[in-house]
Amino acid sequence: TVIVQENPSGIKNAQPELAFNLFPNPANDEVVVTVEKISESTALSLKNVLGQTLLNKQIVSVTTKIDLSLFAKGVYFIEVSQGDKKGVKELVISR
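Below is a short write-up of the structure. (Residues numbered from 1 in each chain as written. Predicted model: local features only at pLDDT ≥ 70, side-chain atom pairs only at ≥ 80, totals over all residues. Heavy atoms only, no water.)

Right, let's get into the pairing of strand β7 (residues 85-93). As judged from the nine bridges shared by strand β6 (residues 74-82) and β7, these two strands associate in the antiparallel manner. Looking at β7, one finds that Glu79 is bridged to Val88. From the end of β6 to the start of β7, which pair antiparallel, there are two residues, and Gly83 there has a positive phi angle of about 65°. (Pairing = 2+ DSSP bridges. Helix = DSSP H or I, 4+ residues; strand = E, 2+ residues; numbered from the N terminus.)

Okay, structure coming up:
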């Protein structure tokens, strides 16, 4: 008899994944974030590698431009959340 477990680690995902696109990446002075659909609760945050939030923004359109001119070159994370869903992508700023 073979028993197959769907999640052998026993750890469930804390939140469902929210899909979004990020381009260009690497970026210079601006990045565009696109989501499939938005709601009142759709929000975006930019975080550094230490997890510190540098920018919070409510998303009001399926396409959102973010001005990166005030941020130093390096690695950051874009987090998009909508209700109980969340997605995170790495963003590289290179000048």
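Let us keep going from here.
As a further point, take the nonpolar core. Membership of the largest hydrophobic core comes to 18 residues, with the highest contact counts inside it found for Val33, Leu68, Ile78, Val80 and Leu91. Counting only elements with at least two residues in this core, the list comes to β1 (20-23), β2 (30-35), β3 (43-48), β6 and β7. Setting aside residues no more than four positions away along its own chain, Leu68 makes contact with Ala27, Asn28, Asp29, Glu30, Val31, Leu91, Ile93 and Arg95. (Core = buried A, V, L, I, M, F, W, Y, C linked by side-chain atoms within 4.5 Å. Buried < 20%, exposed > 50% of the residue type's maximum accessible area, 1.4 Å probe, protein only. Contact = heavy atoms within 4.5 Å.)

A few words now on unusual backbone geometry. Omega for the bond connecting Phe23 with Pro24 falls within 30 degrees of zero, at -10°, which places this linkage in the cis form. A cis geometry characterises the amide bond from Asn25 onward to Pro26, with omega recorded as 10°.

What follows covers the sheet that holds β1. The strand order across the open sheet formed by three strands is β1-β2-β5, and the pairing between neighbours is antiparallel. This sheet does not close on itself; its edge strands, each paired only once, are β1 and β5 (63-67). Each strand axis lies, on average, 20° off the axis of its neighbour in the sheet, ignoring direction. Alignment of β2 against β5, held across five bridges, turns out to be antiparallel. Looking at β5, one finds that Thr34 is bridged to Thr63. (Axes fitted to C-alpha atoms, helices over the stretch in contact; angles between N-to-C directions.)

Okay, the packing of aromatic side chains next. What describes a pair of aromatic rings is the distance from one ring centre to the other and the angle between the planes of the rings. For the structure shown, the criterion picks out one aromatic pair. When the ring centre of Phe20 is taken as origin, the NZ or CZ atom of Lys89, which lies over that ring, is 5.1 Å away. (Phe/Tyr/Trp six-rings, centres within 6.5 Å; stacked < 30°, edge-to-face > 60°. Lys NZ or Arg CZ within 6 Å of the ring centre and 35° of its normal.)

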